[in-house]
Amino acid sequence: MTVSERERHLISTCLYIIVLLLSLGLIVYISIDTFEGVNFLENSSYMRFQFWVCVVFIIDFFVELWMAPNKGRYFRRRWLFLLLSIPYLNILQLFHVQFTSQELYFVRFIPLARGALALAIVIGYMTSNRLSSLFKSYLVIVIMIIYFSSLIFLNCEHPVNDMVPNYGAALWWACMDATTIGSDIYPVTVIGKILGVVLAALGMLMFPLFTVYITNWVQRYNKTHNPAIFNSEFADNNSDKDF
């Protein structure tokens, strides 16, 4: 049975929407549990929801693999999606594998990484310009990493760091660190310090891309709305090269 390009696009779009909605549900669950200090392993509703979300993610992977014209290429490019879709928490609970509560807390974010990648891909598909697609996809991933990092930072630092009394302080720290401005909040745990390095690195990668995107947008705007200015700048650039 062959699938037309239109049918493939429609099915993929529906699957991405489902994946994004389920990922949003996981984000809400994790956020509430973090703010209220809920033991998620004892929260049967969350464990059931997380399991079925992962099942849908796995189904999505194999449906798209089945529809892909080049299945080998699709698998090579998306195998990470399959690994991120495995319900690790439920497997650990089933086999009574012992981990610290902090380690298990990090495992909860694995399916969310699958949702973040799906969102980045959808944003990329919705944008025709290649640079705009790259910029918007990267921006979405950065925003989600900042939010997830703020939750992890709160979970790790709040019990031992007086400078992190609430989530607002954790979010402020994550945003300031990602912009490389820095804040007066200093992490004291190993995880907090690692997050600080990761967020700073993301910020340094983001700003050059932002500059290129703005420059490209201004050039396209001038080309469309002010062709005389664009042609003048183009001629000046060419004359400088000739010189």
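Above this text sits the structure in question.
Everything in this summary refers to the structure shown in the same document. A quick note: this is a predicted structure, and the numbers were derived from the prediction, not measured.

The rules behind the values
Residues numbered from 1 in each chain as written. Predicted model: local features only at pLDDT ≥ 70, side-chain atom pairs only at ≥ 80, totals over all residues. Heavy atoms only, no water. Helix = DSSP H or I, 4+ residues; strand = E, 2+ residues; numbered from the N terminus. Buried < 20%, exposed > 50% of the residue type's maximum accessible area, 1.4 Å probe, protein only. Contact = heavy atoms within 4.5 Å. Areas by Shrake-Rupley, 256 points an atom, 1.4 Å probe, with all protein chains shown as cover. Polar contact = N/O pair within 3.5 Å; in protein donor to acceptor, adjacent residues only side chain to side chain. Phe/Tyr/Trp six-rings, centres within 6.5 Å; stacked < 30°, edge-to-face > 60°. Axes fitted to C-alpha atoms, helices over the stretch in contact; angles between N-to-C directions. Parallel < 35°, antiparallel > 145°, perpendicular 65-115°, else oblique. Nonpolar A, V, L, I, M, F, W, Y, C, P; charged D, E, K, R; others polar. Left-handed = near helix turned anticlockwise from the far one by under 90°. Salt bridge = Lys/Arg side-chain N within 4 Å of Asp/Glu carboxyl O.

1. Some words on the overall build of the chain
Okay, so step 1: Looking only at helices and strands, the chain features 10 helices and zero strands.
Okay, so step 2: The secondary structure elements of the chain, listed N-terminal to C-terminal, are α-α-α-α-α-α-α-α-α-α.
Okay, so step 3: Within the chain, buried positions represent 40% of all 243 residues.
Okay, so step 4: Sequence separation of at least 24 residues holds for 66% of the intrachain contacts in the chain that already meet a minimum separation of 6.
Okay, so step 5: Counting every atom, the chain has about 14,600 Å² of accessible surface; 68% of that belongs to carbon and sulfur.

2. Some points on the environment of Asn166
Okay, so step 1: Tracing the backbone shows Asn166 in the loop between α7 (130–157) and α8 (167–178).
Okay, so step 2: Those residues in contact with Asn166 that lie beyond four places of it in its chain are Leu154 and His158.
Okay, so step 3: At 3.2 Å, the side chain of Asn166 and the backbone nitrogen of Gly168 are in polar contact.

3. Comments concerning the packing of aromatic side chains
Okay, so step 1: Tallied over the entire structure, the rule returns 13 aromatic pairs.
Okay, so step 2: Between Phe61 and Tyr74, the aromatic rings sit 5.7 Å apart at their centres with planes inclined by 45°, giving tilted as the arrangement. Taken together, the residues span a long stretch of sequence, with Phe61 in helix α2 (residues 44–67) and Tyr74 in helix α3 (residues 71–84) at a distance of 13 residues.
Okay, so step 3: Its relative accessible area of 1% is what places Phe61 among the buried residues.

4. Section: the packing of α2 against α3
Okay, so step 1: Across the interface, α2 lies against α3 with an axial gap of 10 Å and an inter-helix angle of 170°. Relative to α3, the element α2 lies roughly antiparallel. Between α2, through Ile58, Phe61, Phe62, Glu64, Leu65 and Trp66, and α3, the contact on the second element is made entirely by Lys71, Tyr74, Phe75, Arg78, Trp79, Phe81 and Leu82.
Okay, so step 2: When its residues are assigned to classes, the contact of α2 with α3 shows 10 nonpolar, no polar and three charged.

5. Considering the packing of helix α1 (residues 5–36) against α2
Okay, so step 1: Interhelical geometry of α1 versus α2 gives an angle of 160° and a closest axis separation of 10 Å. As the angle between them shows, α1 and α2 are arranged roughly antiparallel. In terms of crossing hand, the pair formed by α1 and α2 is left-handed.

6. Here we look at the environment of Phe57
Okay, so step 1: Examined against the element boundaries, Phe57 turns out to sit in helix α2.
Okay, so step 2: On the basis of relative accessibility, which here comes to 0%, the residue Phe57 falls in the buried class.
Okay, so step 3: When near neighbours in sequence (up to four residues on either side) are disregarded, Phe57 contacts Val19, Leu22, Ser23, Ser85, Pro111 and Arg114.

7. Remarks on the environment of Phe106
Okay, so step 1: Turning to its location among the elements, Phe106 is positioned in helix α5 (residues 101–107).
Okay, so step 2: In sequence terms Phe106 and Ile152 are 46 residues apart; their C-alpha atoms lie 7.7 Å from each other.
Okay, so step 3: When neighbours within four sequence positions are excluded, Phe106 is seen to be in contact with Ile152, Cys156 and Ile191.

8. Here we look at the pattern of salt bridges
Okay, so step 1: Summed over all chains, the structure comprises two salt bridges.
Okay, so step 2: Among the ionic pairs, Arg108 bridges to Asp33, the shortest N-O distance being 2.9 Å. In this pair, Arg108 is assigned in the loop between α5 and α6 (110–125) and Asp33 in helix α1, connecting sequence segments 75 residues apart. Per residue, the accessibility class of Arg108 equals that of Asp33, and both read buried.
Okay, so step 3: Linking Arg114 and Asp60 is a salt bridge whose minimum nitrogen-to-oxygen distance equals 2.2 Å. Pair noted here: Arg114 is in helix α6 and Asp60 is in helix α2, with a separation of 54 residues, a long-range link.
Okay, so step 4: Note on Arg114: relative accessible area 1%, which makes it buried.
Okay, so step 5: The exposure class of Asp60 is buried, given its relative accessible area of 0%.

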